[in-house]
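Given next are the chains, with one letter for each unit.
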Amino acid sequence: MDLNLKNWFSEMNDLWPGQCMSLKVKKMLWEEKSKFQHIQIFESESYGRVLSLDGIIQCTERDEFGYQEMIAFLPLCCHPEPRKVLIVGGGDGGVAREVVKHPLVQEVYQVEIDDRVVDLSKEFLPFMACGFQSPKLNLTIGDGFHFMKNHVGEFDVIITDSSDPVGPAVCLFQESYFSLMKRALRPGGVICSQGGTYWTEMKQVQDTLTHCRSQFPVAAYAYSSVPTYPCGQIGYVIGSLNESTNLKEPTIIFTDEELEKMNMRYYTSDMHRAAFTLPRYAANSLK
């Protein structure tokens, strides 16, 4: 990461060498090193407020909904009755904001390891942190691995809103993590994890999907468009314990009126189906 003399934030790291995303900074709002990571929040020239962890853009005010809505509603709409949901990570509150919208969701448990991300998001990113205000939500500051070990067979859906596989998020991309999620699910449960992009991280996508397939009889990769993520896309690895689940077909078809009431800006039933349609080379690589 580099914040240079001309006030440009440039996302440069070894995850996608030879390229970077740059945003012009109007004002740095906050910067600190927590116990786990380097946190920066700034006002950008054209994307609103931005959260960066360890020099990697996590979300921007302009396009965050393209990620939050899809990582939440893809798995929720792959399950016929998603009443009890677990979110691992998601300290900015965006995924929680979306999950609590679903009419069948009754309880949401969230485990975030870094309390400073939660606190700073509440202060500087209220458009996402509003998710923490729902009476459906129970927030725990702690380790997702430890939490799931103590909650076996409890959840209908588990959503892992992780940063990229560096720092504290590395363990969330390993086979042992998918095994742990499987044990924490009720029969027929569904999981969804941030899965990277096939344009720059095909090996990571392949490995993550392989880990998911090793634990779940039904698994697939989907993606959505988010301009400030690498190559403008982000992927999701989704698995179901129900062998008859058709991940590509939503179980609930929301009307336009219902979508408007939920303030949905990206997710629709058509976008759900389209998210699983991959370019030929990517589809062949992920068989």
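What counts, and where the lines are drawn
- Residues numbered from 1 in each chain as written.
- Predicted model: local features only at pLDDT ≥ 70, side-chain atom pairs only at ≥ 80, totals over all residues.
- Heavy atoms only, no water.
- Helix = DSSP H or I, 4+ residues; strand = E, 2+ residues; numbered from the N terminus.
- Rg over C-alpha atoms; globule rule 2.2 N^0.38 Å.
- Buried < 20%, exposed > 50% of the residue type's maximum accessible area, 1.4 Å probe, protein only.
- Contact = heavy atoms within 4.5 Å.
- Areas by Shrake-Rupley, 256 points an atom, 1.4 Å probe, with all protein chains shown as cover.
- Lys, Arg positive; Asp, Glu negative; His and termini not counted.
- Charge placed at Lys NZ, Arg CZ, Asp CG, Glu CD.
- Pairing = 2+ DSSP bridges.
- Axes fitted to C-alpha atoms, helices over the stretch in contact; angles between N-to-C directions.
- Left-handed = near helix turned anticlockwise from the far one by under 90°.
- Nonpolar A, V, L, I, M, F, W, Y, C, P; charged D, E, K, R; others polar.
- Core = buried A, V, L, I, M, F, W, Y, C linked by side-chain atoms within 4.5 Å.
- Salt bridge = Lys/Arg side-chain N within 4 Å of Asp/Glu carboxyl O.
- 1 Å grid on protein atoms, 1.4 Å probe; cavity = no way out; pocket = protein on both sides within 12 Å on 5 of 7 lines; lining within 4 Å.
- Points joined across faces, edges and corners; volume = space filled by probe spheres on them.
- Right-handed = clockwise from strand over helix to strand, strands pointing away.
- Polar contact = N/O pair within 3.5 Å; in protein donor to acceptor, adjacent residues only side chain to side chain.
- Phe/Tyr/Trp six-rings, centres within 6.5 Å; stacked < 30°, edge-to-face > 60°.

Enquirer: What am I meant to see in the overall build of the protein here?
Expert: Helices and strands together make up the secondary structure of the protein, namely 10 helices and 13 strands. Here the C-alpha atoms of the protein give a radius of gyration of 18 Å, agreeing with the 19 Å that 2.2 N^0.38 yields for 287 residues. Seen through its principal axes, the protein has C-alpha atoms that stretch 55 × 45 × 40 Å. Looking at the protein as a whole, 56% of its 287 residues qualify as buried. A sequence separation of at least 24 residues applies to 66% of the contacts in the protein between residues at least 6 apart. On the protein, roughly 12100 Å² of surface is accessible, and the fraction owed to carbon and sulfur atoms is 50%. Side-chain charges in the protein split into 27 positive and 36 negative, and the spacing between the mean points of these groups amounts to 2 Å.

Enquirer: Looking at this structure, how should I read the sheet that holds strand β8 (residues 107–112)?
Expert: The pairing of strands in a sheet happens through backbone hydrogen bonds and is either parallel or antiparallel. Reading across from one edge, β9-β8-β7-β10-β11-β13-β12 is the order of the seven strands in this open sheet, with mixed pairing throughout. Only two strands of the sheet have a single neighbouring strand rather than two, namely β9 (137–141) and β12 (218–225). The sheet shows a mean angle of 15° between the axes of neighbouring strands, taken without regard to direction. Pairing geometry for β12 and strand β13 (residues 233–240), over eight bridges, is antiparallel.

Enquirer: Looking at this structure, I do not really get the packing of helix α6 (residues 175–184) against helix α7 (residues 202–215). What am I missing?
Expert: Each pair of packed helices can be summarised by the angle the axes make with each other and by the distance between the axes. The contact between α6 and α7 brings their axes to 9 Å, and the two run at 40°. Crossing geometry of α6 relative to α7 is assigned as right-handed. Contact residues: E175, F178, S179 and K182 in α6; T208, H211, C212, S214 and Q215 in α7. Residue composition of the contact of α6 with α7, by class: two nonpolar, five polar and two charged.

Enquirer: Whenever I open this one, the nonpolar core confuses me. Can you help?
Expert: Proteins that are soluble and globular tend to have nonpolar side chains buried together. In this structure, F73, L74, V99, Y236, I238, Y267 and F276 are the most contacted members of the largest nonpolar core, which totals 43 residues. Going through the elements one at a time, α1 (65–76), β7 (84–89), α2 (94–99), β10 (155–161), β11 (185–196), β12 and β13 are the ones with two or more residues in this core. Of the residues forming this core, the biggest block, eight residues, is contributed by α1. Membership of the second largest hydrophobic core comes to 28 residues, among which are Y198, M202, L209 and A219.

Enquirer: What is the right way to look at the pattern of salt bridges in this model?
Expert: Close approach of charged atoms lets side chains of opposite charge pair. For the coordinates displayed, the defined rule picks out 13 salt bridges. Residue R83 pairs with E81 through a salt bridge whose shortest N-O separation is 3.2 Å. Two residues, D270 and R273, come together in a salt bridge whose shortest N-O distance is 3.1 Å. Here D270 and its partner R273 are both found in helix α9 (residues 269–274), three residues apart, which amounts to about one turn of the helix.

Enquirer: Would you mind showing me how to read the layout of surface pockets here?
Expert: Here the idea is plain: a probe the size of a water molecule rolls over the atoms and shows the empty space left. Of the volumes computed, that of the second largest pocket is approximately 170 Å³. Residue lining of the second largest pocket: L209, R213, A220, Y221, K248, F276, L278, A283, L286 and K287, and that is the complete set. For the lining of the second largest pocket, the per-class residue count stands at seven nonpolar, no polar and three charged.

Enquirer: I tried to follow the pairing of β7 on my own but got confused; where do I start?
Expert: Moving residue by residue along a regular strand, the side chains alternate between the two faces of the sheet. Within β7, six of the six residues are buried, which leaves it mostly tucked inside the rest of the structure. Relative to β8, β7 runs parallel, the two being bridged by five bridges. From the neighbouring strand, V85 faces β8, where its bridge partner is V108. For the handedness criterion, the β-α-β arrangement of β7, α2 and β8 is classed as right-handed.

Enquirer: What am I meant to see in the environment of K136 here?
Expert: The residue K136 is located in the loop between α4 (126–129) and β9 in this model. Spatially, the C-alpha atom of K136 lies 34 Å from that of Q204, the residues being 68 residues apart in sequence. Setting aside residues no more than four positions away along its own chain, K136 makes contact with V100, H102, V105, Q106, E107 and V108. Only 2.9 Å separates the side chain of K136 from the backbone oxygen of V100, close enough to count as a polar contact.

Enquirer: Hey, could you run me through the packing of aromatic side chains in this one?
Expert: What describes a pair of aromatic rings is the distance from one ring centre to the other and the angle between the planes of the rings. Taken as a whole and assessed by the stated rule, the structure comprises 15 aromatic pairs. Ring geometry for W30 and F124: centres 6.0 Å apart, planes at 40°, overall tilted. Remark: F124 occurs in helix α3 (residues 115–124) and W30 occurs in strand β3 (residues 21–33); sequence separation between them is 94 residues. The exposure class assigned to W30 is partly exposed, which follows from its relative accessible area of 34%.

Enquirer: Sorry if this is basic, but what is going on with the side chain of Q215 here?
Expert: Positionally, Q215 belongs in helix α7. When its relative accessible area of 14% is taken as the criterion, Q215 is described as buried.

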